[in-house]
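Per-entry structural report
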Amino acid sequence: MTREFRIGMVGYKFMGKAHSHAFRDLPFFFDSEAVPVLTAIAGRDESAVREAARRFGFASYETDWRRLVERDDIDVVDIVTPNNMHAEIAVAAAKAGKHVICEKPLAMSVEQAEQMLEAVQSSGVRALICHNYRFAPAVQYAKRLIADGRLGRIYHVRAQYLQDWVMDPHFPLVWRMQKSVTGSGALGDIGAHIVDLARFLVGEITDLTATLETFIGERPLAEPMGNQTKGLVDVDDAVAWLAHFEQGALGVFEATRFAGGNRNGNRFEINGEKGSIRWDLENMNLLQVYLAEDEPGLQGFRTINCTEPHHPFADRYWPPGHIIGYEHTFLNLFAAFFQSLVDETDCRPDFRDGLQNQRVLEAIEKSAEQRRWMDVSREGTGNPATGGEC
Ligand code: SOE
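Residues numbered from 1 in each chain as written. Predicted model: local features only at pLDDT ≥ 70, side-chain atom pairs only at ≥ 80, totals over all residues. Heavy atoms only, no water.

Structural notes on the site of the ligand
Near the ligand, the surroundings consist of Phe14, Lys104, Tyr133, Tyr161, Gln163, Trp165, Arg176, Asp189, Ile190, His193 and Asn264. Contact between the ligand and histidine 193: an oxygen atom at 2.8 Å from a side-chain N or O atom of the residue. Taken by itself the ligand offers 310 Å² of open surface, and the protein chains cover 92% of this. In terms of residue count, helix α8 (residues 186-201) provides more of the shell around the ligand than any other element does, 3 residues in total. (Near = heavy atom within 4 Å. Polar contact = N/O pair within 3.5 Å; in protein donor to acceptor, adjacent residues only side chain to side chain. Areas by Shrake-Rupley, 256 points an atom, 1.4 Å probe, with all protein chains shown as cover. Helix = DSSP H or I, 4+ residues; strand = E, 2+ residues; numbered from the N terminus.)

What follows is the structure in C-alpha cells.
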C-alpha cells in the first residue's frame, strides 16, 4: 500500500533542482510505500517559477509561498530559499500542520532556530534539515566503523570544506555574501556541513576558539543601483576553528571559499587509537581506512569503494563498482525521511540537529569577535569558557 506525500516547494534554484530530482527518482531505487508527489512550487518571479514547475515536474505553481503553505493538498513543505526566509516559512508550515524539509543552515540565529524547533514540536509535525552528506554511503559506513569501535578511542577530528568559486574579485555580490540574506558566509554555507559531519560521526562539541576572515571586502553589484556599482561583503570568506568534543577528541576545522583548485572539497580525517579514516566528497564513494591491527607489511591506508553489498545503500543502486553521485545523497536522505513519516519514527538530522548546529555557528562567531574560547551550550548560545560566566 503506498502513501503519497504531496510536496510544496518554496524556491527553485540549485537546491530546488537537487531536491526535485531526488523526489522524482526515489521510486526507481527505494521500494518504500512512501511516494513523494510534486504538487506545487512557489517563487516570486512568475515566468521563472512556471518554467521550474515545467522542468522539475510540479503539477502547479504559486507566486506567494503563503498560499502554498495553506493549501490543503500539501503534506510536506520543502524550503530551498535563501537563509533569511527559512524561519518564517518553517514556522508557518508547522502551524499549518505540514511536515517540513529545510536546507542548511537552519536559520539566521540560534533564536530563530529555537523558534523553528518549538513550532515543529508544538505542532506535532516532523522536520528534516538537509545535511545530505551524512547520507553518502562511505560516510554511513565510516559511522558504522566508529560505532563498532573499530577505531577505538577517537583522538582527532580534522575537517575541511574547501571551495574557490568567489576568488575572482569581479565575482558579483550574490546573496551568499550578504549578511542580511545569508547570516554568515563560508561559515554557515559550508562550515555547517562539517559541523554536522563531526557531530554525526564523533559527537557533540563542548567548546571552541575561532577566527573569521574576509579577503575581498567589496564586490560589484549584480545589478547596479543608480550610480552605486559596488557593495560591501559583510560576511566571512573563510573560517578556522579548534574544538573539544564531549568524548575527548580534539577538532581542527576549516571552511573557505578561497582554496584555489578545490571546487567542493568537503573532507575529513578521523584518528583513533586503533585506526584512522579519510573521506573526500570529490571521491565520495571511496573511504580510506587504516587499521593498526594490520600486519606490519600491510600497514597503511587502504581505499575501499563503498559499493559492495555490505555497504550502506549499496543494495538500492547498482552492482559493485557502479558508483553513485552527489545527487544520490539527497535520495538517501529523503528516503529515510519519508520512511520515518510512514513509520512515525524520528529521522535525523532533524531540527534538534539544526539548532545544535546553529549553536556551534554562533559560538564560532562570538569566539572570533571576542577572541576567546567559547562554550557551546546545549541550552543557549556559546558562553565564554573562561571565568565561569554563564
Ligand atoms: C555553495 O557553497 C554550496 O552550494 C552550498 O550552499 C551547499 O550546501 C554545498 O553542499 C555545496 O556548495
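Structure shown, so let's carry the discussion forward.
Some remarks on empty space enclosed by the protein
Taken as a whole and assessed by the stated rule, the structure comprises 2 cavities of 30 Å³ or more. Lining the largest cavity are Pro137, Asn285, Cys306, Thr307, Phe313, Ala314, Tyr317, Trp318, Pro319, His322 and Ile324. Looking at the lining of the largest cavity residue by residue, the class counts come to 8 nonpolar, 3 polar and no charged. Within this model, the second largest cavity holds a volume of roughly 30 Å³. Considering the residues around the second largest cavity, the lining is formed by Val157, Ala159, Ile194, Leu197, Ala198, Leu201, Phe268 and Ile270. For the lining of the second largest cavity, the secondary-structure elements that each account for two or more residues are β7 (154-162), α8 and β13 (265-272). Element by element, the count of residues in the lining of the second largest cavity is highest for α8, at 4 residues. Tallied by class, residues from the lining of the second largest cavity come to 8 nonpolar, no polar and no charged. (1 Å grid on protein atoms, 1.4 Å probe; cavity = no way out; pocket = protein on both sides within 12 Å on 5 of 7 lines; lining within 4 Å. Points joined across faces, edges and corners; volume = space filled by probe spheres on them. Nonpolar A, V, L, I, M, F, W, Y, C, P; charged D, E, K, R; others polar.)

Some words on the packing of helix α4 (residues 86-95) against helix α5 (residues 110-123)
Orientation of α4 relative to α5, taken along the N-to-C sense of each, is 10°, at an axis distance of 8 Å. Relative to α5, α4 is oriented roughly parallel. Facing α4, whose interface residues are His86, Ala87, Ala90, Val91, Ala94 and Lys95, α5 presents Gln112, Gln115, Met116, Ala119, Val120 and Ser123. A class-by-class count of the residues in the contact of α4 with α5 yields 7 nonpolar, 4 polar and 1 charged. (Axes fitted to C-alpha atoms, helices over the stretch in contact; angles between N-to-C directions. Parallel < 35°, antiparallel > 145°, perpendicular 65-115°, else oblique. Contact = heavy atoms within 4.5 Å.)

Considering the pattern of salt bridges
In total, this model carries 29 salt bridges according to the counting rule given. Among the salt bridges present, the one from arginine 134 reaches aspartate 353, with a minimum N-O distance of 3.6 Å. Taken together, the positions of arginine 134 in the loop between β6 (127-129) and α6 (137-147) and aspartate 353 in helix α10 (residues 351-370) put the pair 219 residues apart, joining distant regions of the chain. Note on accessibility: arginine 134 and aspartate 353 belong to one class, buried. The shortest N-O distance in the salt bridge between glutamate 204 and arginine 199 comes to 2.7 Å. Exposure class is identical for glutamate 204 and arginine 199. Each is buried. When salt bridges that share partners are traced, they join Arg126, Arg134, Asp196, Arg199, Glu204, Asp346, Arg348, Asp350, Arg352 and Asp353 into one network. (Salt bridge = Lys/Arg side-chain N within 4 Å of Asp/Glu carboxyl O. Buried < 20%, exposed > 50% of the residue type's maximum accessible area, 1.4 Å probe, protein only.)

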